[in-house]
Amino acid sequence: MRFKTLLMTMACLATTATSSAATVERNGPLQATTMRDWRAAGMDGTGCYWSARRNGPVLFAANGRTGMTRVAGRVVVLEPAAGARELFPFTHDAWQAPGLRIRVLDTAVVRAMGDETVTTDATLIVNLRGRITKLKGSMICGS
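Heads up: these notes are all about the structure in this document. (Residues numbered from 1 in each chain as written. Predicted model: local features only at pLDDT ≥ 70, side-chain atom pairs only at ≥ 80, totals over all residues. Heavy atoms only, no water.)

**Looking at the overall build of the protein chain**
What counts here: Here a strand is any run of E in DSSP of at least two residues, a helix any run of H or I of at least four, and the numbering for each starts at the N terminus. Relative accessibility decides the category of a residue: with a 1.4 Å probe and only protein chains considered, values under 20% of the type maximum give buried, values over 50% give exposed, and everything between is partly exposed. Here, residues are in contact when the closest pair of their heavy atoms is within 4.5 Å. Per-residue and other accessible areas were derived by the Shrake-Rupley procedure at a 1.4 Å probe size, with only the shown protein chains allowed to occlude residues.
Regarding its fold elements, the protein chain presents three helices and 11 strands. Each helix (α) and strand (β) of the protein chain, taken in turn from the N terminus, gives the series α-α-β-α-β-β-β-β-β-β-β-β-β-β. Within the span of the protein chain, comprising 143 residues, buried residues form 45% of the whole. The long-range fraction of contacts in the protein chain, counting pairs at least 24 apart against all pairs at least 6 apart in sequence, stands at 49%. Total accessible area on the protein chain is roughly 7,600 Å²; 53% of this is exposed by carbon and sulfur atoms.

Printed below as a string of structure tokens:
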């Protein structure tokens, strides 16, 4: 339940993102997501989310066999890619949707730990229609 509250807080912060041009430049093709986006993707409960900076917008979230992000103003729902390995209970290290593939490189070095969450350094490798972008940030996982 605390993870859900944490995600809600992150959603509020995500809605205060700067202009979409600046967001795209800094975050590659990924845009800030909101709680409404997560619900549209059918996500709730234990999982992980990724942000480029502390208290920054959530650019990618994964829960069970569902991942989601926002690209060009649209919510994109992803599924585990073939051969994806378990990254954290209930999530995976590689995700795909038509024209989009996201790979999570998690260092597994714990940077922060809460009662029900753990934060690690992680890099997202985003392949959008052949254009590859590497984004460094943090993966926050918990329930």
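**So, the pairing of strand β4 (residues 66–71)**
Our working rule: At least two bridges found by DSSP between two strands are what make those strands a pair.
Within β4, five of the six residues are buried, leaving the element largely enclosed by the surrounding structure. Bridging between strand β1 (residues 30–31) and β4 involves two bridges; their strand directions are antiparallel. Following the sheet pairing, L30 is matched in β4 by V71. Between the antiparallel neighbours strand β3 (residues 58–63) and β4 lie two residues, among them G64 with a positive phi of about 65°. Here five bridges tie β4 to strand β5 (residues 74–80), and the two strands are oriented antiparallel to one another. In the strand pairing of β5, V71 is matched with R74.

**Here's the deal with the state of the cysteines**
Operational definition: Our working definition of a disulfide is a cysteine sulfur pair at a distance within 2.5 Å.
Applying the stated rule across the entire model yields one disulfide. The disulfide that involves C48 links it to C141, with 2.0 Å between the sulfurs. A torsion of 110° about the S-S bond marks the disulfide between C48 and C141 as right-handed. With C48 in strand β2 (residues 47–51) and C141 in strand β11 (residues 131–142), the pair connects residues that are 93 residues apart, well separated along the chain. The class for C141 is buried, based on a relative accessible area of 5%.

**Quick notes on the nonpolar core**
The criterion, for reference: Residues enter a nonpolar core if they are buried and are Ala, Val, Leu, Ile, Met, Phe, Trp, Tyr or Cys, with the set joined through side-chain atoms within 4.5 Å.
With 22 residues, the main nonpolar core has L30, W50, F60, L78, L100, I102 and L124 as its most contacted residues. If you look at the next biggest cluster of nonpolar residues, it comprises nine residues, including M35, A41, Y49 and M68.

**Description of the side chain of T91**
Topologically, T91 is positioned in strand β7 (residues 91–92). Its relative accessible area of 1% is what places T91 among the buried residues. Discounting residues that sit within four places of it in the chain, T91 has contacts with C48, A62, G64, R85 and E86.

**Some remarks on the pairing of β3**
Buried residues dominate β3, accounting for six of its six residues. Where β2 and β3 come together, four bridges link them in antiparallel fashion. Across the sheet, W50 pairs through a bridge with F60, a residue of β3. A loop of six residues connects β2 with β3, the two strands running antiparallel in sequence, and N55 in this loop sits at a positive phi of about 60°. Sheet analysis places β3 next to β4, joined by four bridges and oriented antiparallel. Note on β4: the bridge partner recorded for F60 is T69.

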